[in-house]
Amino acid sequence: MHDSAYHKILNPVLRDWIHTGIEKGPEFYSTPVGILACQRDPLLRTLDATVVFSVLSSPPPPAKGKNTKKAVLAPTIPLDAVCIEVCLNDTVIFPEGGGQPTDNGQITTPDGTVWNVLQAKRHGGQAIHYVHVQDGNVDRALQSFCPGAHVKVELDRAGFDRRYDHMTLHTSQHLLSALLETRLNLPTLSWSLTSYPSPCYVEIPRGMTVEEISMIQEEANRLVFEGRPIHVEVDVLDPTTTKTVEKTESGRAIGRGLPEDYTGGVHRVVHINGVDVNPCCGTHLPSLNNLQLFILPHTDALSRSSTTVARLSFLAGPRLITYLTSTHNYLTSTAAILSCGTPQVPERVQQVVDDRKSATRRIEDVEFELARYIAADLCRDMQGGDGLFKKHVHRTDDSATALTFLTAISSAFSDTVAKSGTETPYLVVLSSSPSAQLPTNTNVVFILGSDAKRVKEAGDGLKAKLAVKGGGKGSKWSGKSQGMWKAEKDNTVVEEILSSIV
Ligand SMILES: [Zn+2]
């Protein structure tokens, strides 16, 4: 089937370019990319084919530069995988192009062996299958794929599901870009068919308002419900009238035109009835049926050097269902945690956040108050003493901000001492450790004193004897240690350090 309501051949010459593989050897010919079986009938899953040639695959060159785009999902061939490159007379496995990634499929050779096709690529005008040689026996593989061998090429269930996902999103992108262009005069600068199941996106020159987004979405879905038919028209490429396309920085061809390395000679145009006419090599569904389009109701502004573009994310088909299922699951499990209905989730989450903020404020207030009491206790101890007042206070505290609390005690103590007008010299070590005895614990220490030299001496002692890492300035020193704080042993060490200082 070369011609159909879906696939219209405008120039009869093209009929001779579709090679059925029944030509008598020794020469076999391949059908050019542009009129491959997968492009003539995107729902076809199996095809009897003939091998045109096969060669040992040289490993792909390492990717240039840093690829920061998580965009196009080109399944990469593992470095240690042995592959042969196979060209068939025709194929149902789509080679990557037009922003649409390669298919994965299988080829069955006459002896019944099923070979995995890890990737298909367009070389000039030919579709090349990267066939995995699992046992590494390249000679046997090349023999199985000798020119003229009759094989079966197919997309299995997983391969077709993957292709179907790509088709729904690619066709949706044509629909979306056409509406953005005709309704809002927004050209599509690039688009990305992201890895399943992330939303895909188009890049446009500016952000869109909520009203614009809902207008475009409504319009798209009106056309989907109508089930507008889609068809493809192919003609012989006239290089004098066809522009080559500009490429984005990632090398993906966008917009209306052809990649400059294309030598297939086919000019292929995808029509969405009454909506869009666009040159494209991708596989497209025969109608907009079941293609319900969902636009994520926000646009991300992206700044790239001098130009600013906005990214509009969208979903359609099975990927949309997957997305809605997972987001719905997140929502219902969050609602269950909050013991409320899903519509109340935002309000309840807001309440939890507000409660948490005020609880944190209250803890700070209470800590501040408690710090003054602890400081007052220390001052009472200091009164009536003779000479240098030395004291260690250890606390158990599971707070992530235990050091802040020790600092608060220190400030309150300094204030009280200053107010009392006492001249008694002092050296106080405050320490704090979590309640659970775990080797991953972080313990904190704070030293304050009336004399910088003694403070430094105590700090040096803690560094040497308790492996505390820290430092200080003047009358204050703070540090941290890792591991369990053994109350009896470690507190004794602190006492010893203090008693050695005079
Ligand atoms: Zn396209």
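All values derive from a computational prediction rather than experimental measurement.

1. Describing the overall build of the protein chain
Moving on, step 1. For the protein chain, the helix and strand inventory stands at ten helices and 19 strands.
Moving on, step 2. For 502 residues, the compact-globule formula gives about 23 Å, and the C-alpha radius of gyration of the protein chain, at 36 Å, lies well above that figure.
Moving on, step 3. Seen through its C-alpha atoms, the protein chain measures out along the principal axes to roughly 115 × 60 × 45 Å.
Moving on, step 4. Out of the 502 residues belonging to the protein chain, those deemed buried represent 36%.
Moving on, step 5. At a minimum sequence separation of 6, the contacts of the protein chain that also span at least 24 residues come to 71%.

2. Remarks on the nonpolar core
Moving on, step 1. I93, V131, V153, L175, L176, L293 and F314 are the most contacted members of the largest nonpolar core, which has 71 residues in total.
Moving on, step 2. Broken down by element, the residue count for this core peaks at six residues, all from helix 4 (residues 157–184).
Moving on, step 3. Every residue in contact with L175, bar those within four places of it in the chain, is listed here: A220, L223, I272, V275, D276, L288 and L293.
Moving on, step 4. Core analysis: the next-biggest nonpolar cluster, separate from the first, contains 33 residues, Y426, V428, V444 and L448 among them.

3. Things to note about the environment of E457
Moving on, step 1. For E457, the position within the fold is in helix 9 (residues 452–466).
Moving on, step 2. Assessed through the 19 C-beta atoms surrounding it within 10 Å, E457 is described here as partly exposed.
Moving on, step 3. Spatially, the C-alpha atom of E457 lies 7.5 Å from that of I501, the residues being 44 residues apart in sequence.

4. What to know about the pairing of strand 4 (residues 105–108)
Moving on, step 1. Side chains of strand 4 alternate between two faces, with G105 and I107 buried and Q106 and T108 left unburied.
Moving on, step 2. Note that strand 4 and strand 5 (residues 114–123) share four bridges and pair antiparallel. Within strand 5, the residue paired with Q106 across the bridge is N116.
Moving on, step 3. Connecting the antiparallel pair strand 4 and strand 5 is a turn made up of five residues, with G112 showing a positive phi of about 90°.
Moving on, step 4. Taken together, the three bridges between strand 4 and strand 7 (residues 150–154) define a ladder with antiparallel strand orientation. Directly across from Q106, in strand 7, lies its bridge partner E154.

5. Quick notes on the environment of E260
Moving on, step 1. Secondary-structure assignment places E260 in the loop between strand 10 (230–236) and strand 11 (266–272).
Moving on, step 2. Accessibility expressed as a C-beta count within 10 Å gives 11 for E260, which makes it exposed.
Moving on, step 3. With 137 residues separating them along the chain, E260 and D397 place their C-alpha atoms 68 Å apart.

6. What about the sheet that holds strand 16 (residues 426–433)?
Moving on, step 1. Taking strand neighbours across the sheet as the criterion, the five strands line up as 15-16-17-19-18 in an open arrangement whose pairing is mixed. Bordering the open sheet on either side are strand 15 (389–396) and strand 18 (469–473), each of which pairs with just one other strand. Geometrically, the sheet is characterised by an average inter-axis angle of 10° between neighbouring strands, direction not taken into account.
Moving on, step 2. Contacts from helix 10 (residues 487–500) reach strand 15 and strand 16, with the element oriented near 160° to strand 15.

7. As for the packing of helix 9 against helix 10
Moving on, step 1. The interhelical angle for the contact between helix 9 and helix 10, taken along N-to-C directions, is 140°, at an axis separation of 10 Å. Note on packing geometry: the crossing formed by helix 9 with helix 10 is right-handed. Residues A458, G461, L462, K465 and L466 of helix 9 lie in contact with helix 10, whose contacting residues are D490, V493, I497 and L498.

8. Things to note about the UniProt feature "domain: Threonyl/alanyl tRNA synthetase SAD" (unreviewed entry) in the protein chain
Moving on, step 1. UniProt feature "domain: Threonyl/alanyl tRNA synthetase SAD" (unreviewed entry): in the numbering of this structure it lies at residues 268–296.
Moving on, step 2. For residues 268–296, the helix share is 0%, the strand share is 45%, and the end-to-end C-alpha distance is 31 Å.

9. Some thoughts on the confidence of the model for the protein chain
Moving on, step 1. Residues at a pLDDT of 70 or more form 91% of the protein chain, whose mean pLDDT is 89.
Moving on, step 2. A low-confidence stretch, residues 65–72 (pLDDT under 50), is modelled with nine contacts involving residues beyond four sequence positions or located in other chains.
Moving on, step 3. In the predicted structure, residues 246–255 sits below a pLDDT of 50 and forms 17 contacts with residues beyond four places in sequence or in another chain.

10. Focus on helix 9
Moving on, step 1. Between the first and last C-alpha of helix 9 there are 21 Å, a value that for 15 residues agrees with the 21 Å anticipated at 1.5 Å per step.
Moving on, step 2. Within helix 9, the full set of buried residues consists of R454, V455, A458, G459, G461 and L462. Buried positions in helix 9, seen along its axis, are confined to an arc of 155° and lie on one side of it. Exposed positions of helix 9 whose direction lies more than 90 degrees from the buried face are K453 and A464.

11. Describing the pairing of strand 10
Moving on, step 1. Across three bridges, the pairing between strand 1 (residues 7–9) and strand 10 is parallel. Its bridge partner lying in strand 10, K8 is registered against E233.
Moving on, step 2. In terms of strand pairing, strand 10 meets strand 11 through seven bridges, oriented antiparallel. Bridge pairing in strand 11 places V236 opposite V266.

12. Considerations on unusual backbone geometry
Moving on, step 1. Of the consecutive residues Y196 and P197, the connecting peptide bond is found in the cis state with omega at 0°.
Moving on, step 2. Secondary-structure assignment places P197 in the loop between strand 8 (190–192) and strand 9 (200–204).
Moving on, step 3. Positive phi values are uncommon outside glycine, yet N185 reaches one of about 60°.
Moving on, step 4. Following the sequence through the fold, N185 ends up in the loop between helix 4 and strand 8.
Moving on, step 5. With a phi angle near 55°, A467 is a residue other than glycine that sits in the positive phi range.
Moving on, step 6. Positionally, A467 belongs in the loop between helix 9 and strand 18.
Moving on, step 7. Note on A467: 11 C-beta atoms within 10 Å, which makes it exposed.

13. Considerations on the sheet that holds strand 6 (residues 126–132)
Moving on, step 1. Spatially, 2-3-6-5-4-7 is the arrangement adopted by the six strands of the closed barrel, whose pairing is antiparallel. Recorded for the sheet is a direction-independent mean angle of 45° between the axes of neighbouring strands.

14. Overview of helix 4
Moving on, step 1. Relative to the 40 Å expected for 28 residues at 1.5 Å per residue, helix 4 spans 39 Å between its end C-alpha atoms, a close match to the ideal helical length.
Moving on, step 2. Following helix 4 by one or two positions, N185 adopts a phi angle in the positive range, close to 60°.

15. A short note on the environment of L43
Moving on, step 1. Inspection of the secondary structure assignment puts L43 in the loop between helix 2 (37–40) and strand 2 (46–56).
Moving on, step 2. Using a count of 14 C-beta atoms within 10 Å as the deciding quantity, one classes L43 as partly exposed.
Moving on, step 3. Considering only alpha carbons, one finds L43 and G105, 62 residues apart in sequence, at a separation of 14 Å.

Calculation rules
- Residues numbered from 1 in each chain as written.
- Predicted model: local features only at pLDDT ≥ 70, side-chain atom pairs only at ≥ 80, totals over all residues.
- Helix = DSSP H or I, 4+ residues; strand = E, 2+ residues; numbered from the N terminus.
- Rg over C-alpha atoms; globule rule 2.2 N^0.38 Å.
- Buried ≥ 20, exposed ≤ 12 C-beta atoms within 10 Å, placed from the backbone.
- Contact = placed C-beta atoms within 7 Å.
- Core = buried A, V, L, I, M, F, W, Y, C linked by C-beta atoms within 7 Å.
- Pairing = 2+ DSSP bridges.
- Axes fitted to C-alpha atoms, helices over the stretch in contact; angles between N-to-C directions.
- Left-handed = near helix turned anticlockwise from the far one by under 90°.
- UniProt positions renumbered as here; feature names shortened; annotations may be inferred.
- pLDDT = per-residue confidence, 0-100.
- Expected span 1.5 Å × (residues − 1).
- Arc of directions from axis to C-beta.

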